Structure formats: structure tokens, C-alpha cells
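Residue-level listing of the chains:
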Amino acid sequence: MFQPLAGRYEWTNRVLTFGLDRSWRRRVVARVVDGPVRSVLDVGTGTGEVALALARRGGDGLQVTAVDFSEAMLAVARAKPGADCVRWVLAPATNLPFDDAQFDAAIVAFALRNLSVTREHLLACLRELRRVLRPCGRLFTVETSQPPRKAVRGILHLYARWWVPMVGWILTGQSGPYRYLGTSIRAFYDAETLARAMLEAGFSNARFDRLTWGLVAIHVATR
Ligand SMILES: C[S@@+](CC[C@H](N)C(=O)[O-])C[C@H]1O[C@@H](n2cnc3c(N)ncnc32)[C@H](O)[C@@H]1O
């Protein structure tokens, strides 16, 4: 699904979120580098915005590895300035090509919805992320969420149902992926349920912060 969108992926995100997606990513990147972290894994890296921001913020002391299963998305990432500082890996999130306990931190930015087609799928991905984290390593996720206030949730669902497919179609000429995006936003877990799934997958201390009236949540859990 992401292959044909790769070239316009970032531009479409900017328009769909009125530019807010950048500040959401910045917030989670700041949380990751704000600790004794020497190696970090970015799963579902897409065009590499988070991986490259981590490499910039972490400097020489931080080794950044970024995984995605879409060649086209990785090709956009690899062509960016500073891409040499990141190790790019083509692989599925459910079968990461790394030994156990390799990373101090892992991050999933706006890819968890794609990894949660079923609850079992979500748990399998979370267990795989836990496997490659060192003991006490931390998982960070930033993802759309279900706002606790009914009125805000209602607006989000209308936006996801009508605005996302329409704007996606206008900007990319493709309606299918943006209908799917809208559906997945409406169907995704609320912050409490996602935190419980992290605990079920073996993490401890799963916490979350809501951003922008709860439209998005950052979760942090410890292996
Ligand atoms: C919505 S994009 C998010 C990209 C990026 N993290 C960001 O912040 O914009 C989701 C990405 O996850 C990747 N992805 C989806 N399912 C995957 C899987 N099972 N294994 C690896 N990558 C996956 C897609 O190819 C896509 O690049």
C-alpha cells in the first residue's frame, strides 16, 4: 500500500494534519534521546523522518537502525541528507533480523496501526520489539488515539471518514490507501487499551501522554 505513495507521503501528512505531525514526532524523539541511550531501533520508519531526527539529535554517540518492509519508502529515506548516519534495513516488523537484546530503545511512529490488523498481530509485534530490547530498554510509540472527550472523538471520526480519503485522493490520486487510513484511525485502540496490550506482551510500566486533545498518544514501556 505504501509503495505508490512514497514520493508524496510526507507532503500529504503535512496537509492532513495541518503540520502537527512534525511536532508530534519531535516530542517523541526528544523523549527517546533524553536518557542514556546508545542504540535505537525505529520500526516502520517509512521515509525516515524519525530515524534521521534521532541521528541528528543523538550525534556520534547514538547508533540508529531503521526498519521498514517497503522498498519505496526506504528509497526516499536513503536519498535524504544525513542518511549515511542511519543503518537502513528492509524487513518485516514481525520478524526483525536482529539478535535478542540488541537495542537500548525502540520507537514506532505512526506505524502501530499498520501492525495491528488484529490484536494477535499487535501482540506479536510488541513481543518482537521486546525481544530485541535490552533488559530495562524502553519502547516508545506515537500513534493516533481515541480522544477521551466524546465531542473531540466525534470530530476525529468525521475527519477520518470524510476529510482523510478526500484530501488523500486529491493529493495523490489514490483513494484506497486513504480510505484505509481513515478506517484504521477510527478503529484504533484508546490509550488505556494500548498500554494494557504492552503489559500483556511482557513490558512493564506502560505509561502514556495524550497530545492535542488526545488525538495522538505517546506511550513508553519498559522491557
Ligand atoms: C504510516 S507510515 C509511518 C512512517 C514513519 N514512521 C512516520 O513517522 O511517518 C507506516 C510505515 O510502516 C511500514 N510498515 C507497515 N507494516 C509493516 C510491517 N509489518 N513491517 C515493516 N514495516 C511496516 C510501512 O511500509 C510504512 O512505511
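Residues numbered from 1 in each chain as written. Predicted model: local features only at pLDDT ≥ 70, side-chain atom pairs only at ≥ 80, totals over all residues. Heavy atoms only, no water.

Draft legend 1. Broad picture of the site of the ligand. The full set close to the ligand counts 18 residues, and Y9, R25, G44, D68 and A109 are the nearest of them. In the model, a nitrogen atom of the ligand is placed 3.3 Å from a nitrogen or oxygen of the F69 main chain. At a separation of 2.7 Å, a nitrogen atom of the ligand approaches a polar backbone atom of A109. Considered on its own, the ligand offers 600 Å² of accessible surface; in the complex 96% of this is hidden by protein. Of the residues contributing to the shell around the ligand, the split by class is 11 nonpolar, 5 polar and 2 charged. (Near = heavy atom within 4 Å. Polar contact = N/O pair within 3.5 Å; in protein donor to acceptor, adjacent residues only side chain to side chain. Areas by Shrake-Rupley, 256 points an atom, 1.4 Å probe, with all protein chains shown as cover. Nonpolar A, V, L, I, M, F, W, Y, C, P; charged D, E, K, R; others polar.)

Draft legend 2. Quick peek at the side chain of T222. Summarising the element assignment, T222 is placed in strand 7 (residues 216-222). Excluding anything up to four places from it in sequence, T222 contacts C136, G137, R138, F203, S204 and N205. (Helix = DSSP H or I, 4+ residues; strand = E, 2+ residues; numbered from the N terminus. Contact = heavy atoms within 4.5 Å.)

Draft legend 3. Representation of helix 3 (residues 49-58) in the model. With 7 of 10 residues buried, helix 3 lies mostly within the body of the structure. Within the sequence span of helix 3, burial applies to E49, V50, A51, L52, A53, L54 and A55. Note on helix 3: the residue one or two positions beyond its end, G59, has a positive phi of about 65 degrees. (Buried < 20%, exposed > 50% of the residue type's maximum accessible area, 1.4 Å probe, protein only.)

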